[in-house]
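One letter stands for each residue in the lines below.
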Amino acid sequence: MNTTLFALLVPLTLALTPPTRVFGGKTFGFEAKSSTRQLVTPLRGMRPMRARSSGSPPEGEKIRRKLIFALPALVVGGGLRARGDGELRGELERYASPDGEFVFSYPREFKRAPKLLKTHQNELFLRSTQLKKYNVGITIDPVTIKTLKDFGTVHQVAENIIKLEREKEGVMNAELKEVSRGILDGNESYFIDYTADSTRGNIRYFSKLVVDSKQRLYVLTIQAKQDDFSKVKAEMEAVIESFHTQSPTV
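Residues numbered from 1 in each chain as written. Predicted model: local features only at pLDDT ≥ 70, side-chain atom pairs only at ≥ 80, totals over all residues. Heavy atoms only, no water.

**Points about the overall build of the chain**
- Looking only at helices and strands, the chain features 3 helices and 10 strands.
- From first element to last, N terminus to C terminus, the chain shows the α and β order α-β-β-β-β-β-β-α-β-β-β-β-α.
- For the chain, with 250 residues in total, the buried portion stands at 53%.
- For the chain, contacts bridging at least 24 residues in sequence account for 68% of all contacts bridging at least 6. (Helix = DSSP H or I, 4+ residues; strand = E, 2+ residues; numbered from the N terminus. Buried < 20%, exposed > 50% of the residue type's maximum accessible area, 1.4 Å probe, protein only. Contact = heavy atoms within 4.5 Å.)

**Things to note about the pairing of strand β9 (residues 201-211)**
- Within β9, 9 of the 11 residues are buried, which leaves it mostly tucked inside the rest of the structure.
- Where strand β8 (residues 187-198) meets β9, 10 bridges bridge the pair, whose relative direction is antiparallel. Within β9, the position partnered with D197 by the bridge is N202.
- Between the antiparallel neighbours β8 and β9 lie 2 residues.
- Pairing analysis gives 9 bridges linking β9 to strand β10 (residues 216-225), with the strands arranged antiparallel. (Pairing = 2+ DSSP bridges.)

**A closer look at the sheet that holds β8**
- Read across the sheet, 7 strands follow the order β4-β5-β6-β10-β9-β8-β7 without closing on themselves; strand pairing throughout is antiparallel. What marks the edges here is a single partner per strand, and that holds for β4 (110-112) and β7 (171-184). In this sheet, adjacent strand axes meet at a mean angle of 20 degrees when their direction is disregarded.
- Across the face of the sheet, helix α2 (residues 154-167) comes into contact with β7 and β8 while running at roughly 160 degrees to β7. (Axes fitted to C-alpha atoms, helices over the stretch in contact; angles between N-to-C directions.)

**Some thoughts on the layout of surface pockets**
- Taken as a whole, the second largest pocket spans an internal volume of roughly 150 Å³.
- At 5 residues, β7 tops the list of elements feeding residues into the lining of the second largest pocket.
- Considered class by class, the residues forming the lining of the second largest pocket number 6 nonpolar, 3 polar and 4 charged. (1 Å grid on protein atoms, 1.4 Å probe; cavity = no way out; pocket = protein on both sides within 12 Å on 5 of 7 lines; lining within 4 Å. Points joined across faces, edges and corners; volume = space filled by probe spheres on them. Nonpolar A, V, L, I, M, F, W, Y, C, P; charged D, E, K, R; others polar.)

**With respect to unusual backbone geometry**
- Its identity is not glycine, yet K133 carries a phi of approximately 65 degrees, on the positive side.
- For Q215, which is not a glycine, the phi torsion comes out positive at approximately 60 degrees.
- Looking at the element boundaries, Q215 is found in the loop between β9 and β10.

**Points about the pattern of salt bridges**
- Across all of its chains, the model carries 11 salt bridges by this definition.
- A salt bridge links K177 to E175; the nearest nitrogen and oxygen atoms lie 3.5 Å apart.
- Residues joined by salt bridges that share partners form a network here, namely E91, E93 and R108. (Salt bridge = Lys/Arg side-chain N within 4 Å of Asp/Glu carboxyl O.)

**Focus: α2**
- Between its first and last C-alpha, α2 extends 20 Å over 14 residues, near the 20 Å set by a 1.5 Å rise per residue.
- Taken as a whole, α2 has its buried residues at V154, V157, A158, N160, I161, I162, L164 and E165. (Expected span 1.5 Å × (residues − 1).)

**What to know about the pairing of strand β2 (residues 92-96)**
- Of the pairings in the sheet, the one linking β2 to strand β3 (residues 103-107) comprises 5 bridges and is antiparallel in character. Pairing of R94 across the sheet is with S105, part of β3.
- Between β2 and β3, which pair antiparallel and follow one another directly, the connecting turn spans 6 residues, one of which, G100, has a positive phi of 75 degrees.

**Observations concerning the side chain of S97**
- Within the secondary structure, S97 sits in the loop between β2 and β3.
- You can call S97 buried: its relative accessible area is 4%.
- A distance of 3.1 Å separates polar atoms of two side chains, one belonging to S97 and the other to D99. (Polar contact = N/O pair within 3.5 Å; in protein donor to acceptor, adjacent residues only side chain to side chain.)

Below, the structure written as structure tokens:
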């Protein structure tokens with residue numbers, strides 16, 4: 001499964017020391033890809049950081065790794081009806097994190113997928129039971145920045161994603177489809193739509209990024225095979241639009 005998303009947001013300092021937490025007492029996530037390259041073009045105003053003599057990766061590389069593995073989610077009750085005839089394949093299920101950090105909806109047929117190794121402070125992952133490589137997930141990490149523009153513009157972020165995808169082993173092409181920026185719960189958010197065609201398949205990605213007022217970076221991503229995209233496009237859009245970084249008090 002190709003779960004590499006954001007090998008781009010280099011040299012900024014993530015607060016990586018807080019203890020890791022797992023939603024619901026369990027860890028869920030995705031499989032990390034081992035072929036990811038370690039070099040990307042720094043964003044505006046950022047300088048590559050030197051590796052430490054101890055052999056541990058530099059802070060910039062730690063940041064990049066955190067953002068490379070972005071794809072996760074979970075399950076809980078309350079159904080959202082499909083909007084209109086034929087727009088969605090079925091109902092969407094709503095999930096609200098126990099601590100109120102975020103809410104989003106996902107296709108009801110999705111099931112939890114376990115992960116052996118955690119790569120983020122919080123991470124959750126769901127996988128389709130009907131379509132291969134159709135997945136959705138969310139990762140959450142503390143950061144020292146206050147807004148996404150400190151990483152770069154949405155176009156800079158997207159260009160770095162595409163550049164890194166093209167450099168990865170087995171990738172034949174990567175293509176940017178659409179980018180946009182907006183406001184999510186009072187904070188700047190980025191939306192990035194792209195494809196990565198590799199020996200493992202041609203995958204379509206929808207991703208939304210936001211840094212909240214508590215300086216936590218959220219990356220919500222849903223992916224599907226390009227061959228299946230036309231039949232799941234409405235679902236993917238609905239999942240992205242359903243995401244909020246705080247649970248409504250209703």
